[in-house]
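Analysis of the macromolecular model
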Amino acid sequence: VDIEVTMPDGKTLSADKEGNNYQAWRTTPFDVACTISRGLADSTCVARVTYSAFVSDYDLAEDGMDAVDTLADSMAELSVEDEADEKNKMTMLWDMTRPLVGSVSKMEFLKFDDETDARTVFWHSSAHVLGEALERLYGSRLTIGPPLAGGFYYDSYMGESGGDGAFKEDDYKPVEAEVQKIVKQKQKFERMVVTKEEALEMFEGNPFKEQIISTKIPDGTRTTVYRCGDLVDLCRGPHVPNTGRIKAFAATRHSATNWLGDTENDSLQRMYGISFPDKKMLKVWKENQEKAKERDHRRIAVKQDLIMFHELSAGSAFWLPHGARIYNKLISFIKEHYWKRGYDEIITPNVYNLDLWHQSGHAMHYKDAMFCFEVEGKEWAMKPMNCPGHCLMFGGKIRSYRDLPLRFADFGVLHRNELSGALSGLTRVRRFQQDDAHIYCREDQIEDEVIGALDFMKSVYTTFGMTYKLELSTRPKKALGDKELWDRAEAALARAMDNFAGKGGWRENPGDGAFYGPKIDIKVMDAMERVHQCATIQLDFQLPIRFGLEYNTGIKEEGKQFARPVMVHRAMLGSVERMFAVLCEHYGGKWPFWLSPRQVMIVPVHKEWNEYCQEVRDRLHAEGFYADVDLSKATFQKKVRNAQVDQYNFQLVVGKAEVENGTVNIRTRDNKVEGEKKVEDLIAYLKEMQAEHK
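Attention in this report is confined to the structure presented alongside it. (Residues numbered from 1 in each chain as written. Predicted model: local features only at pLDDT ≥ 70, side-chain atom pairs only at ≥ 80, totals over all residues. Heavy atoms only, no water.)

**Quick notes on the overall build of the chain**
Within the chain, the regular secondary structure consists of 20 helices and 34 strands. A compact globule built from 694 residues would reach a C-alpha radius of gyration of about 26 Å, and the chain, at 29 Å, matches this within 12%. Its C-alpha atoms give the chain principal-axis dimensions of roughly 90 × 75 × 65 Å. For the chain, with 694 residues in total, the buried portion stands at 51%. (Helix = DSSP H or I, 4+ residues; strand = E, 2+ residues; numbered from the N terminus. Rg over C-alpha atoms; globule rule 2.2 N^0.38 Å. Buried < 20%, exposed > 50% of the residue type's maximum accessible area, 1.4 Å probe, protein only.)

**Looking at the packing of aromatic side chains**
Tallied over the full model, the rule gives 33 aromatic pairs. Ring plane angle 75° and centroid distance 5.1 Å describe the contact between F112 and F122, whose orientation is recorded as edge-to-face. Of the two residues, F112 sits in the loop between strand 5 (102–111) and helix 3 (116–138) while F122 sits in helix 3, which places them ten residues apart along the sequence. The interplanar angle of 70° and the centroid separation of 5.8 Å between the aromatic rings of F112 and F276 together place this pair among those described as edge-to-face. Placement of F112 in the loop between strand 5 and helix 3 and of F276 in strand 13 (residues 267–276) is noted, with a sequence separation of 164 residues between them. Look at F112 and you get buried, because its relative accessible area is 7%. Residue classification places F276 among the buried residues on the basis of a relative accessible area of 7%. Taken together, W25, Y51, F54, Y58 and W94 form an aromatic cluster joined through their ring pairs. (Phe/Tyr/Trp six-rings, centres within 6.5 Å; stacked < 30°, edge-to-face > 60°.)

**What about the nonpolar core?**
If you look at the biggest cluster of nonpolar residues, it comprises 69 residues, and the most contacted ones within it are Y461, F464 and I520. I520 has contacts with V450, L454, L470, E471, L472, L493, M497, T536 and I537, leaving out every residue within four places of it along the chain. Core analysis: the next-biggest nonpolar cluster, separate from the first, contains 39 residues, F167, C228, L231 and F249 among them. (Core = buried A, V, L, I, M, F, W, Y, C linked by side-chain atoms within 4.5 Å. Contact = heavy atoms within 4.5 Å.)

**Here we look at the sheet that holds strand 34 (residues 673–678)**
In a beta sheet, neighbouring strands pair by backbone hydrogen bonds and run either parallel or antiparallel. Across the sheet, five strands lie side by side as 31-30-32-33-34; this open sheet has mixed pairing. On the outer flanks of this sheet lie strand 31 (627–629) and strand 34, each paired with one strand and no other. Across the sheet, the axes of successive neighbouring strands diverge by a mean angle of 25°, strand direction being ignored. Strand direction decides the pairing type here: strand 32 (residues 650–654) and strand 33 (residues 663–668), joined by four bridges, are antiparallel. When the bridges of strand 33 are listed, Q651 appears paired with R667. Taken strand by strand, helix 17 (residues 610–622) contacts strand 30 (600–604), strand 31, strand 32 and strand 33, and its axis lies near 165° from that of strand 30. (Pairing = 2+ DSSP bridges. Axes fitted to C-alpha atoms, helices over the stretch in contact; angles between N-to-C directions.)

**Here we look at the environment of T223**
Among the structural elements, T223 can be located in strand 10 (residues 222–228). Considering only alpha carbons, one finds T223 and T195, 28 residues apart in sequence, at a separation of 6.2 Å. Dropping the residues within four chain positions of it, T223 is found in contact with A67, M192, V193, V194, A199, I217 and L234.

**What to know about a positive patch on the surface**
Residues K184, K186, K247 and K279 make up a contiguous surface patch of positive charge. By relative accessible area, which is 63% here, K279 ends up exposed. (Patch = residues over 30% accessible without salt bridge, like charges linked within 9 Å, V, L, I, M, F, W, Y side chains within 5 Å. Areas by Shrake-Rupley, 256 points an atom, 1.4 Å probe, with all protein chains shown as cover. Salt bridge = Lys/Arg side-chain N within 4 Å of Asp/Glu carboxyl O. Lys, Arg positive; Asp, Glu negative; His and termini not counted. Charge placed at Lys NZ, Arg CZ, Asp CG, Glu CD.)

**Quick notes on the side chain of E115**
Note on placement: E115 falls in the loop between strand 5 and helix 3. A relative accessible area of 12% places E115 in the buried class. Polar side-chain contacts of E115 include one of 3.3 Å to the side chain of R48. When near neighbours in sequence (up to four residues on either side) are disregarded, E115 contacts R48, L110 and R507. (Polar contact = N/O pair within 3.5 Å; in protein donor to acceptor, adjacent residues only side chain to side chain.)

**Focus on the pairing of strand 18 (residues 372–375)**
In the sheet, strand 18 pairs with strand 19 (residues 378–382) via four bridges, with the strands oriented antiparallel. Among the inter-strand pairings, E374 is bridged to a residue of strand 19, identified as E379.

**Structural notes on the side chain of R98**
Mapped onto the elements, R98 comes out in the loop between strand 4 (91–94) and strand 5. A polar contact is formed between the side chain of R98 and the side chain of D63, at a distance of 2.5 Å.

**Comments concerning the pattern of salt bridges**
Under the defined criterion, the tally for this structure stands at 37 salt bridges. The salt bridge partner of E108 is R48, with a shortest N-O separation of 3.2 Å. In this pair, E108 is assigned in strand 5 and R48 in strand 3 (residues 44–54), connecting sequence segments 60 residues apart. R48 shares its class with E108; the two are buried. R48 is paired through a salt bridge with D117; the nearest N and O atoms lie 3.0 Å apart. Residue R48 is found in strand 3, and its partner D117 is found in helix 3; the two are separated by 69 residues along the sequence. D117 carries the same exposure label as R48, and that label is buried. Through salt bridges with shared partners, a single ionic network connects R48, E108, E115, D117, E471, R507 and K523.

**A short note on the packing of helix 13 (residues 446–464) against helix 14 (residues 483–501)**
The interhelical angle for the contact between helix 13 and helix 14, taken along N-to-C directions, is 45°, at an axis separation of 9 Å. Between helix 13 and helix 14, the angle falls in the class oblique. Considering only the axes of helix 13 and helix 14, their crossing is right-handed. Residue-level inspection shows I446, E447, V450, I451, L454, D455, M457 and K458 of helix 13 in contact with helix 14, the latter providing A492, L493, R495, A496, M497, N499 and F500. (Parallel < 35°, antiparallel > 145°, perpendicular 65-115°, else oblique. Left-handed = near helix turned anticlockwise from the far one by under 90°.)

**Some words on the sheet that holds strand 18**
Spatial strand order, 17-19-18: three strands in an open sheet with antiparallel pairing. Every interior strand has two partners, whereas the edge strands, strand 17 (351–353) and strand 18, have only one. Sheet twist, expressed as the mean angle between neighbouring strand axes with direction ignored, is 35°.

**Digging into unusual backbone geometry**
The peptide bond linking G237 to P238 adopts the cis configuration, its omega dihedral lying at 0°. Turning to its location among the elements, P238 is positioned in the loop between strand 11 (231–234) and strand 12 (248–258). The omega torsion across L404 and P405 is 5°, close enough to zero to call that bond cis. Here Q647, not a glycine, exhibits a phi torsion of approximately 65°, which is positive. If you trace the backbone, Q647 turns up in the loop between helix 18 (636–645) and strand 32. We note that N671 has phi near 70°; this positive angle belongs to a residue other than glycine. Here N671 lies in the loop between strand 33 and strand 34. Residue N671 is classed as partly exposed on the basis of its relative accessible area of 43%.

**Thoughts on a negative patch on the surface**
A cluster of like negative charges, contributed by E197, E198, E201 and E204, occupies part of the molecular surface. Relative to the elements of secondary structure, E201 occurs in helix 5 (residues 196–202). For E201, a relative accessible area of 61% translates into the label exposed.

Encoded structure:
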């Protein structure tokens, strides 16, 4: 059957360069890409295809497309959209070499550099190659090998292999060499559809795969496996066309784990890897990894005496004086924006009767992550988020349409009962604060409020020297609420993003919204080009319903006197703790002056000038600057060097001439000499830097 393919720019293609018509069951996305250019075909990892219609002899279930994704649990951290669960089942990721099964209303070619989905597919394919290498080298029994947000791993059972059955760093080189052999062979990834019975027969002797097939795949259904070289693996796909696409590979680390994460199950060995379609990318990645080690916030925080942890309160940071300076400055920075942008700061309780969390719906899904305890025979809990408490405040009095929008901002302390094994520095903690705010607005105010929140976000991350990307996550299959309301809200968000970033300045993430409303995901990039999810803007239709929130519309017509507000969850920093860690690594511990906990060190050339130095320090302190004097017996050169190592932004050198002139001689932490300034001129200069967040 002849088919047509429409590209994102609206151009429709129906034949290749030789004039041969595209046909269902024969033409592949690779063929379509070649019609445009061979370079495009060779650089594309996977196609995203939206079918206008399937051909009459195509059946999703028969093709294994209704099968459960057996890696879904392992890939949860990726937030990878489940294509088969989207509201539009006609959109899906499609292997470049897999024949099309109908006319396509939109075909997108996804490249490694540009698309998260492309990197996910690339790293998933790389995990298969790693698995094949492990089978060849160690005869291990493979279990699961999912992609991650930055690479992939494969878990394997080594019980019957030689040695002690545990990976060592010495294994990395042989694994990398074996992977290179597989890559050079350019093994094709071949998709095969099998019944449950055929899958069980195929993986007989591997109890791990047998358990997955028996428990995850319903009787009487089909699933898919992929073959590349000697490896046949249970997999939903899609994959890159062949192993030759993987131009650079490195084994990065290893660890022990247990089957299904249960310590009662068999012990497994996990090997992690990273791969790229270009060797230069691996070189850059390795350089960034070295930088990341040097910039690790845990290392810097100890070296600069910013925070400490103690086993008697695991997962909760102790903020030492210099760390508290940065923490409080970040909060003050956001509060300055609140004042300018019309937010009202509020303070809410830290503990609530669990009935609140039943009403909000959090108890059903989130109770295991809450610290619960008994008060007078009733169950209470420490709050893990602020939104339900804010709903109580909104509902505490009659609201008018004239009151909206209401912008409640809250730096309340939050607690989440994270597993001890998941705790990691400041990026995963049990006690934290968020720059949490909730906007209650009318439906016709959504667009303006979202534009305001996006402008807020832009101002914050421009100040930090970070770039960002925007994604609109739309209605998921399990969404609650009226579809028409969702459609109107998504349209309002899209208009706001067009207004803010311009058409084409953001991308849609279909079906990845929260169950309670669409959201804007803001992904920020640091100095090492790592992506962080910190800021967020989410619409919520459900909490106003659960708490019965209403406002007086001012309309006297029966049935229209009251309406529900739309609730906007938004955070710019997210967790202050996590943002502290991100910024610590982004700056490499070289805090900008406005945020620095050590701004000025005054260094006397001789002890004769100690008293003058102390006077200068007191003047700077009175103006709100963090200033110290080095009165130690160290040499002058040693004092200057110590101040630079300790990351004081400026060293003020004082000798006889400076005392006589009422000046200081300024050096930066990078040892740049800026010369002599009057103390009052210095104060004015520092105030300007502070005000401009430099």
